[in-house]
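# Coordinate inspection notes
So the chains spell out like this:
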Amino acid sequence: MQTVQTETQPGPMQVHTDQGRHRPALTKILATLGPATDNEETIVRIVEAGACLFRLNFSHGNMEDHKRRLELVRRVSYRLNTPLSVLGDLPGPKLRIGKVPGPGIELLTGQEVEIRADIDESVPAECPVLASDFNKIAEEVKVGHRVLINDGAVRMLCTEADGKHLMCSVTSGGLVTTRKGLNLPDSTLSVPALTERDLEYVAWAVENSLDFLALSFVRTAAEVIDLRDRLIRLCIDGNCGTPLMAEDDSPRIPIVAKIETPQAVNNIESIVEVADAIMVARGDLGVELDTAQVPMIQKRLVRSAHALGKPVIVATQMLETMIEKPNATRAEVSDVANAILDGADCVMLSGETATGKYPTLAVETMRRVALAVESELRKDAVEPTVPIKLRQQRSLVPALAHGAWHMARDTNAELVVIWSQTGSGARYLSRHNFHIPILAFSSDPHAVRRMNLLYAVFPVLWFDVPAHRSEFARFADKMVLEEKWVRPGEPIILIGGKPLDRPGSTNTVAIRTAGDLIAGNP
């Protein structure tokens, strides 16, 4: 249960949630929007089941579809009076096979296949010929490189490349049909990370105040920087807010770098450095790399992000069975649990909520798994390792967060409360692995929605900034009791500064007992 204040209301408003039955998970749940969620009541049920972030997949549908779905989420946010966040997922440069005659071509293992950017049908071919929509394919794919079609269902190895065409040997055959996806995992390609279609959606995202943008098929940090610079230019006159995960204070939409190529894995440290968050996109990652390697790569990516204090989303096929069936498999449940054990801030549902038969049940299942894992993590709380970058900065707020973790452990505190105007303070707390809720107040609607991505952080929008820390402490004391975050007499860790709404002013941490201020105790 959260207390928020909408932009049209003069005072705080409450979300009426049964805290006992619907205890929120500390791990956040990101649900993809689609035909299965195209009505307000379904989204209400999904939110009540545990989702607080929603994904618009720009690879499908048009801007009118996405606008309608965005408005649905905003309406539900107002109706339930709770902050809901929306992430726009850019399609990126997806390479595809061109037109294939008839119902497709059945390629046999061991067969020779020619691939080229243009096909002259008047010239007789001695073997199957496939067209590619990438006009430099014969220049940039080298002998020995893998050529994968239809998410790796059909696999080939390049045996000849002369700059005009490729000759490939089929190592795993199958049916190839028109416009199937083409992956070239071993090749360094000159394809830009941002296509013309992507740029249209970037402008649309700024115009419609999305909370996050996911950049697909990232290979280098330079590609993230390019999008960041474009967003800064677009947001000069826009209402973008400050990205809570960044060290800079330029108004823009935060960028989630999707890690789904071998090049991105190799460049992960530099990518994390410039991105605001990362997504472990295991779909294409499992196509371009040996699937046996993906679990350990996932762990490495999470560690790399945490080392620099950045949040992580783990995505793809988490509860895939629930697209058609009401129950997840044991393997899927274990997959979600292991992502949380690895340190994921957020776990994502794709087709399960976008097109599945049981979108609400999928979210509820994911929440139940998260609660079970988090209960065990809290029993065996391990002292956090402060992210390297935060240690190097020698900043006051990370030091306070580190001290607050020990205070919470030693007092068995049930809750941390902080005023975090831009969300940075909440991010520092989140990175210290508090396995108790962190209630983060701000008067900035952008910061509040963006804090939804942070592990254990529950943002509260409150426009009337308290003049004094004591006023904030009294209000927080009253609110956490009324909404049953804690019981009277339980310890709370309270963090703030003066003035509360000035970024960087946080300098105080205190131990309070719930109900003391209401009772008039100092």
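Residues numbered from 1 in each chain as written. Predicted model: local features only at pLDDT ≥ 70, side-chain atom pairs only at ≥ 80, totals over all residues. Heavy atoms only, no water.

What follows deals with the nonpolar core. In terms of nonpolar packing, the biggest core is built from 76 residues, with Phe 54, Leu 90, Val 224, Ile 259 and Ile 278 touching the most fellow members. At 7 residues, the largest contribution of residues to this core is made by helix H12 (residues 359-379). Counting residues in each nonpolar core, the second largest holds 45 residues, with Leu 26, Ala 401, Ala 473 and Ile 492 among its members. (Core = buried A, V, L, I, M, F, W, Y, C linked by side-chain atoms within 4.5 Å. Buried < 20%, exposed > 50% of the residue type's maximum accessible area, 1.4 Å probe, protein only. Helix = DSSP H or I, 4+ residues; strand = E, 2+ residues; numbered from the N terminus.)

Residues other than glycine seldom take positive phi values, yet Thr 316 does so here, at roughly 90°. Non-glycine residue Asn 412 carries a positive phi angle of around 55°. Assignment of secondary structure puts Asn 412 in the loop between helix H14 (396-411) and strand S19 (415-419).

Where side chains of opposite charge bring their charged atoms close, a pairing between them can arise. Enumeration over the complete set of coordinates arrives at 28 salt bridges. With its nearest N and O atoms 2.8 Å apart, the salt bridge here joins Arg 55 to Asp 89. Here Arg 55 is found in strand S4 (residues 53-57), whereas its partner Asp 89 is found in strand S5 (residues 85-89), with 34 residues between them in sequence. No difference in accessibility class separates Arg 55 from Asp 89, as the two residues are buried. In this structure, Lys 258 engages Asp 89 in a salt bridge whose closest nitrogen and oxygen atoms are separated by 3.0 Å. You can see Lys 258 sitting in strand S15 (residues 255-259) and its partner Asp 89 sitting in strand S5, a full 169 residues away along the chain. Each of the salt bridges in this network shares a partner with another, and the network as a whole consists of Asp 38, Asp 65, Arg 68 and Arg 69. (Salt bridge = Lys/Arg side-chain N within 4 Å of Asp/Glu carboxyl O.)

Let's shift gears to the side chain of Ser 216. Considering the arrangement of structural elements, one finds Ser 216 in the loop between strand S14 (212-215) and helix H5 (221-234). In this structure the side chain of Ser 216 is engaged in a polar contact, spanning 3.4 Å, whose partner is the side chain of Asp 89. Polar contacts involving the side chain of Ser 216 include one to the main-chain carbonyl oxygen of Leu 90, which spans 2.5 Å. What Ser 216 contacts, discounting residues up to four positions off in sequence, is Asp 89, Leu 90, Pro 91, Gly 92, Pro 93, Ala 193, Lys 258 and Glu 260. (Polar contact = N/O pair within 3.5 Å; in protein donor to acceptor, adjacent residues only side chain to side chain. Contact = heavy atoms within 4.5 Å.)

This brings us to the sheet that holds strand S7 (residues 112-116). Overall, mixed pairing links the 6 strands, which are arranged S8-S7-S11-S10-S9-S13 in an open sheet. Among the strands making up the open sheet, the edge pair consists of strand S8 (129-131) and strand S13 (182-183). Here strand S9 (residues 146-149) runs beside S13; their pairing, made up of 2 bridges, is antiparallel. Note on S13: the bridge partner recorded for Leu 148 is Asn 183. (Pairing = 2+ DSSP bridges.)

It is worth spelling out the state of the cysteines at this point. Summed over the entire model, instances satisfying the criterion amount to 0 disulfides. For Cys 52, which is in no disulfide, the shortest distance to another cysteine sulfur is to Cys 346 and amounts to 7.0 Å. Residue Cys 158 stays outside any disulfide, its sulfur separated by 4.9 Å from that of Cys 168, the closest cysteine. Judged by its relative accessible area of 2%, Cys 158 is buried. (Disulfide = S-S within 2.5 Å.)

Below, the discussion takes up the sheet that holds S5. Read around the closed barrel, the 8 strands follow the order S3-S4-S5-S14-S15-S16-S17-S18; overall the barrel is parallel. With direction set aside, neighbouring strand axes in the sheet form an average angle of 25°. Examined bridge by bridge, strand S17 (residues 312-315) and strand S18 (residues 346-349) share 2 bridges and lie parallel to one another. By the bridge assignment, Ile 313 is partnered in S18 with Cys 346. Along the sheet, H12 contacts strand S3 (28-32) and S18; its crossing angle with S18, the most-contacted strand, is approximately 155°. (Axes fitted to C-alpha atoms, helices over the stretch in contact; angles between N-to-C directions.)

Moving on, we get to the confidence of the model for the chain. On average, residues of the chain carry a pLDDT of 88, and 88% of them reach 70 or more. Contacts from residues 3-21, a stretch scored under 50 in pLDDT, to residues over four places away or in other chains number 53 contacts. (pLDDT = per-residue confidence, 0-100.)

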